[in-house]
Amino acid sequence: MKPKLEELKVGFLAALDNVKDDQGLEELRVEYLGRKGKLGDILKGLKDLSVEEKKDIGAFANTVKAELESVFKRKQAELAHELAGAKAQDEWIDVTAPGIAPEPGHLHFSTQAIEEFVDIFKQLGFVRVRHPEVDWDYYAFEALNMPKGHPARDEWETFFIADGDKVMEGEKGKMVLTPHTSNGQVREMEKGYMPLRMMSINKTYRRQADVTHVPMFHQLEGLMIDKNVTLAQLKGTFDFFVKRFFGPDREVRLRPHHFPFTEPSFELDISCNTCHGSGEFEGNRCRMCKEGWHELGGAGMVHPNVIRAGGLDPEEYNGFAFGWGVERCMSMKSGMNLRDLRIIYKNDIRFLKQF
Ligand code: DAH
């Protein structure tokens, strides 16, 4: 039996060497030292031996067993130590390492444009004011020389505010989401201070959505009212803005047009920065503009009816007004020819990050 026990020992030690974890350890214990294990199997043979042999082999078996148990315990301790070490390695944190700083954000594309506008016009004494975004028909249309039924109203594809299916109505007509910031003209004059130089920048809403229109956008409305205001001052103001916002090499052009609330009225154009107003680029027709110019917005000398609606005497006071879309203006800045304005409000960080 001794050789069998020796063999068992060698087998046990070799197997123990290959054990990698607690589970392996337990399997090995059951296999060799468990109640139905290999050691037990061998010792079953004891009963057939003589008393002398029993004593001798029994003592030998006990030493082997004790030896196996002792190496087993040592291995168990080793494994526990290794495990703790690995865990410490995995879960180790350097409490002195600097934190992960959140990426600094910045203002939205449109907000940046608005801040630039305010900065530029401030230098000419224009003050930023606010007017309602939800306003009465009177301020959006009627006071601007567009009485009920006036065909020009259709040009502003207006949203109306309804309570259920009934459009809200008050003394000043229906309630609308302002389709332009020109509602600020009469609202500002009603405040009753003169002279007046304001810029009203706000959200505007129209029922249209395509590559060059978003249903919610921003407009800037400028208004100057004083005595003896001239068209030259309007042009100078526009030129001042364009040179600062777009660059000193840009030219401005006032092109005759029609708006009900100004007389005379103009479209405001700026020279193309690819062909510099010539309409030709490298021997071909410039593909960036229409004949050398980009249309930015509208302007004119405030119509006497509008001055009157503002509570002033048009014989005494006059002025000019201008207006344009913030997003459009920003996207016309050099190198920023946006093909689809809608991307501005898709909240796609990859786009917004670039500005
Ligand atoms: N309100 C006009 C629009 O939404 C823009 C505009 C044109 C504003 C002429 C003005 C102006 O102040 O004089 O298209």
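Computed from a predicted structure; not experimentally measured. (Residues numbered from 1 in each chain as written. Predicted model: local features only at pLDDT ≥ 70, side-chain atom pairs only at ≥ 80, totals over all residues. Heavy atoms only, no water.)

Examining the packing of aromatic side chains
The final tally for this structure, using the stated rule, is 23 aromatic pairs. The interplanar angle of 25° and the centroid separation of 5.4 Å between the aromatic rings of Phe322 and Trp324 together place this pair among those described as stacked. With respect to class, Phe322 is no different from Trp324; both count as buried. Through pairs of rings, three or more aromatic residues link up here, namely Phe117, Phe121, Phe126, Phe238, Phe241, Phe245, Phe246, Phe320, Phe322 and Trp324. Taking the ring centre of Tyr139 as reference, the NZ or CZ of Arg187 above it sits at 4.0 Å. (Phe/Tyr/Trp six-rings, centres within 6.5 Å; stacked < 30°, edge-to-face > 60°. Buried < 20%, exposed > 50% of the residue type's maximum accessible area, 1.4 Å probe, protein only. Lys NZ or Arg CZ within 6 Å of the ring centre and 35° of its normal.)

Focus: the site of the ligand
Taken together, 16 residues form the shell around the ligand, and within it His180, Ser182, Arg206, Gln219 and Glu221 come nearest. Measuring from a nitrogen atom of the ligand, one finds a side-chain N or O atom of Ser182 at 2.9 Å. Contacts to the ligand include Gln185, whose side-chain N or O atom sits 3.3 Å from an oxygen atom. Summarising the interface, the protein chains cover 92% of the accessible area of the ligand, which totals 350 Å² for the free molecule. For the shell around the ligand, the secondary-structure elements that each account for two or more residues are β9 (216-226), β14 (293-302) and β15 (318-325). (Near = heavy atom within 4 Å. Polar contact = N/O pair within 3.5 Å; in protein donor to acceptor, adjacent residues only side chain to side chain. Areas by Shrake-Rupley, 256 points an atom, 1.4 Å probe, with all protein chains shown as cover. Helix = DSSP H or I, 4+ residues; strand = E, 2+ residues; numbered from the N terminus.)

So, the pairing of strand β7 (residues 173-177)
Among the five residues that make up β7, four are buried, leaving the element largely enclosed by the rest of the structure. Pairing analysis gives three bridges linking strand β2 (residues 134-136) to β7, with the strands arranged antiparallel. By the bridge assignment for β7, Trp136 is matched with Met175. By the bridge criterion, two bridges tie strand β6 (residues 169-170) to β7 in an arrangement that is antiparallel. Bridge pairing in β7 places Glu169 opposite Lys174. Between β6 and β7, which pair antiparallel and follow one another directly, the connecting turn spans two residues. (Pairing = 2+ DSSP bridges.)

Any functional reading would require information beyond the geometric quantities listed.
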